[in-house]
Amino acid sequence: MSSKDAPPPLPEPLLVPVADSHTHLDMQSGTVEEALVKAAAVGVTTVVQVGCDIKGSQWAAETAARHENVHAAVALHPNEAPRIVLGDPDGWSRQGAREGGGDAALDDALAEIDRLAALPCVRAVGETGLDHFRTGPEGMAAQERSFRAHIEIAKRHGKALVIHDREAHADVLRVLDEEGAPERTVFHCYSGDAAMAEICAAKGYYMSFAGNVTFKNAQPLRDALAVAPLDLVLVETDAPFLTPAPYRGRPNAPYLIPVTVRAMAAVRGIGEDELAGAIAANTARAFDY
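Residues numbered from 1 in each chain as written. Predicted model: local features only at pLDDT ≥ 70, side-chain atom pairs only at ≥ 80, totals over all residues. Heavy atoms only, no water.

**Student:** Summarise the overall build of the chain; cite the residues concerned and give the values.
**Tutor:** In terms of helices and strands, the chain carries ten helices and ten strands. The globule rule puts the C-alpha radius of gyration for 289 residues at 19 Å, and the 18 Å found for the chain is close to it. Counting only C-alpha atoms, the chain reaches 50 × 45 × 35 Å along its principal axes. Taking all 289 residues of the chain together, the buried fraction comes to 54%. Contacts in the chain between residues at least 24 apart in sequence constitute 72% of all its contacts with a sequence separation of at least 6. As displayed, the chain offers around 11700 Å² of accessible surface, 55% of which is attributable to carbon and sulfur atoms. Looking at charge distribution, the chain has the averaged site of its 26 positive side-chain charges lying 2 Å from that of its 40 negative ones. (Helix = DSSP H or I, 4+ residues; strand = E, 2+ residues; numbered from the N terminus. Rg over C-alpha atoms; globule rule 2.2 N^0.38 Å. Buried < 20%, exposed > 50% of the residue type's maximum accessible area, 1.4 Å probe, protein only. Contact = heavy atoms within 4.5 Å. Areas by Shrake-Rupley, 256 points an atom, 1.4 Å probe, with all protein chains shown as cover. Lys, Arg positive; Asp, Glu negative; His and termini not counted. Charge placed at Lys NZ, Arg CZ, Asp CG, Glu CD.)

**Student:** An account of the side chain of threonine 237 is needed here, citing residue identities and associated values.
**Tutor:** For threonine 237, the location among the structural elements is in the loop between β10 (233-235) and α9 (257-268). A distance of 3.5 Å separates a polar side-chain atom of threonine 237 from the backbone oxygen of histidine 22. If sequence neighbours within four positions are ignored, threonine 237 has contacts with Asp20, His22, Thr23, Ala210, Leu242, Asn252, Ala253, Pro254 and Ile257. (Polar contact = N/O pair within 3.5 Å; in protein donor to acceptor, adjacent residues only side chain to side chain.)

**Student:** Give me the layout of surface pockets: which residues, what numbers.
**Tutor:** If you add up the space inside the largest pocket, you get close to 990 Å³. Elements that contribute at least two residues to the lining of the largest pocket include exactly α3 (80-86), β6 (122-131), β7 (160-166) and α8 (219-227). Per element, the largest residue contribution to the lining of the largest pocket is three residues, and it comes from β7. Classifying every residue of the lining of the largest pocket by side-chain character gives eleven nonpolar, ten polar and eleven charged. (1 Å grid on protein atoms, 1.4 Å probe; cavity = no way out; pocket = protein on both sides within 12 Å on 5 of 7 lines; lining within 4 Å. Points joined across faces, edges and corners; volume = space filled by probe spheres on them. Nonpolar A, V, L, I, M, F, W, Y, C, P; charged D, E, K, R; others polar.)

**Student:** An account of the packing of aromatic side chains is needed here, citing residue identities and associated values.
**Tutor:** Counting across every chain of the model gives two aromatic pairs. With centroids separated by 5.5 Å and ring planes inclined at 50°, the aromatic side chains of tyrosine 190 and phenylalanine 209 adopt a geometry described as tilted. Placement of the pair is tyrosine 190 in the loop between β8 (185-187) and α7 (194-203) and phenylalanine 209 in strand β9 (residues 206-209), with a sequence separation of 19 residues. Residue placement shows arginine 166 over the ring face of phenylalanine 133; its charged tip is 3.6 Å from the ring centre. (Phe/Tyr/Trp six-rings, centres within 6.5 Å; stacked < 30°, edge-to-face > 60°. Lys NZ or Arg CZ within 6 Å of the ring centre and 35° of its normal.)

**Student:** Can you break down the pairing of strand β2 (residues 44-50) residue by residue, with the values?
**Tutor:** Counting buried positions over the seven residues of β2 gives six, a clear majority of the element. In terms of strand pairing, strand β1 (residues 18-23) meets β2 through four bridges, oriented parallel. Each residue of the ladder has a partner; that of aspartate 20, found in β2, is valine 47. Read as a crossover between parallel neighbours, the route from β1 over helix α1 (residues 32-41) to β2 is right-handed. Sheet analysis places β2 next to strand β3 (residues 70-74), joined by four bridges and oriented parallel. Bridging from a neighbouring strand, valine 48 pairs with histidine 71 of β3. Between the parallel pair β2 and β3, the chain is carried across by helix α2 (residues 54-66), and the sense of this crossover is right-handed. (Pairing = 2+ DSSP bridges. Right-handed = clockwise from strand over helix to strand, strands pointing away.)

**Student:** Give me the lowdown on the sheet that holds β8, citing residues and values where you can.
**Tutor:** Backbone hydrogen bonds are what pair the strands of a sheet, in a parallel or an antiparallel way. Strand order across the open sheet formed by eight strands is β1-β2-β3-β6-β7-β8-β9-β10, with parallel pairing between neighbours. Strand pairing shows two members of the sheet lacking a second neighbour, β1 and β10, which therefore form its edges. Shown here is a sheet whose adjacent strand axes are inclined to one another by a mean of 30°, direction ignored. As judged from the three bridges shared by β3 and β6, these two strands associate in the parallel manner. Among the inter-strand pairings, alanine 73 is bridged to a residue of β6, identified as alanine 124. Together, β2, β3 and β6 form the strand contacts of α2, whose direction differs from that of β3 by roughly 160°. Lying over the sheet, helix α5 (residues 137-157) contacts β6 and β7, oriented at roughly 160° with respect to β6. (Axes fitted to C-alpha atoms, helices over the stretch in contact; angles between N-to-C directions.)

**Student:** How would you explain the pairing of β3 if you had to name every residue and give the values?
**Tutor:** With five of five residues buried, β3 lies mostly within the body of the structure. On β3, burial covers both faces: Val70, Ala72 and Val74 on one face and His71 and Ala73 on the other are all buried.

And the structure:
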């Protein structure tokens, strides 16, 4: 195993336990049990396991049903919606190459997300939203239709909404305004600037910060964190992605949350215990557990 693939060491434990508000245990090495034990050892006692497609959402719900400190979020990722509608000849996703099924296939997939969203172990509908990073106009239409449907599902079941927003800030905010956001809305891996944080704060949207808040080039994220109301701030890994500095590029996992919490506390100019206490309360409130 090269040092780049080696898991980073365990950080010093947090004295006040927190939750990882967004992780993908199904994409990490090792068992769920191992990941939870390692996380709990450093004060990360709760995780939100997030689905990105039908299989992943079913797995999230099953895993949450088996572990009381795992909560599930279920959804079709914004990039999944165009693959369902238009097909995925390159096999980008974990399903491999597939034919497009049109709007009917998207309706069927959304019906399964709706079914899963009713389960008590499912605390949120997400990650949904918009991703304009590598999506053409046809794909954007499928994404937006899917996003609107997820908002409706979240509201009907009284669940939180978890948003994936990549290079689509204005459109995400527009769709939320047009549809009416659920009572509890979380911007996962918050990627906006301080001006957008003021808009989110005014609307009561939670902002979840990931390991990229530690990256050298991420000053706009730190500026956003500095102005976000403390009662709307969450922390996440988005593991196995976005490993915080100094471990950037190595595999991420929930046990690395303390690294990001300490960096966030430094940005806010408060103690890590105070920040951890706020994050713990916020996450429980956001996901209603």
